[in-house]
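Residue-level structural notes
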Amino acid sequence: MNATIYHNPKCSTSRKALEKLREAGIEPTVVKYLEQGYTRDQLTQLIADAGITVREAVRKRESLYKELDLGSLPDDELVTEMVEHPILVERPFVVTDKGTRLGRPIDKLDEIL
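Residues numbered from 1 in each chain as written. Predicted model: local features only at pLDDT ≥ 70, side-chain atom pairs only at ≥ 80, totals over all residues. Heavy atoms only, no water.

1. Section: the environment of I26
Relative to the assigned elements, I26 resides in the loop between α1 (12-23) and β2 (29-32). The buried category is assigned to I26, whose relative accessible area is 8%. Distance from I26 to A3, taken between C-alpha atoms, is 7.2 Å for residues 23 residues apart in sequence. Every residue in contact with I26, bar those within four places of it in the chain, is listed here: M1, A3, L21 and L113. (Helix = DSSP H or I, 4+ residues; strand = E, 2+ residues; numbered from the N terminus. Buried < 20%, exposed > 50% of the residue type's maximum accessible area, 1.4 Å probe, protein only. Contact = heavy atoms within 4.5 Å.)

2. Concerning the packing of helix α3 (residues 40-50) against helix α6 (residues 75-84)
It is the contact of α3 with α6, at a shortest axis distance of 10 Å, that shows an interaxial angle of 115°. Note that α3 runs across α6; the crossing there is right-handed. Two secondary-structure elements touch here, α3 through R40, L43, T44 and I47 and α6 through D76, V79, T80, M82 and V83. Residue composition of the contact of α3 with α6, grouped by class: five nonpolar, two polar and two charged. (Axes fitted to C-alpha atoms, helices over the stretch in contact; angles between N-to-C directions. Left-handed = near helix turned anticlockwise from the far one by under 90°. Nonpolar A, V, L, I, M, F, W, Y, C, P; charged D, E, K, R; others polar.)

Written out as structure tokens, the structure reads:
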């Protein structure tokens, strides 16, 4: 099975998701999104494919979210900020041949393994 994980090595949930994939016998493509970033189209597609909203995909607990006062922005402007500051994107997104999920909680990945 092909798989891609949008990974932040400093995030324990992201590390657990990578471990879960490997335990399932899958060696995924690892995209370190904090280094590589997202394109607007890519991020929008991941959110849509995961079946979540932009609001569910943003890290509201991230200090930058509060600093930039993003709570009142419309979704399209919020996506712009997420592309500009990838630390604002919840993690990890995982894409397999069976679909796309945001791995929060980690058990959501069972649906696509």
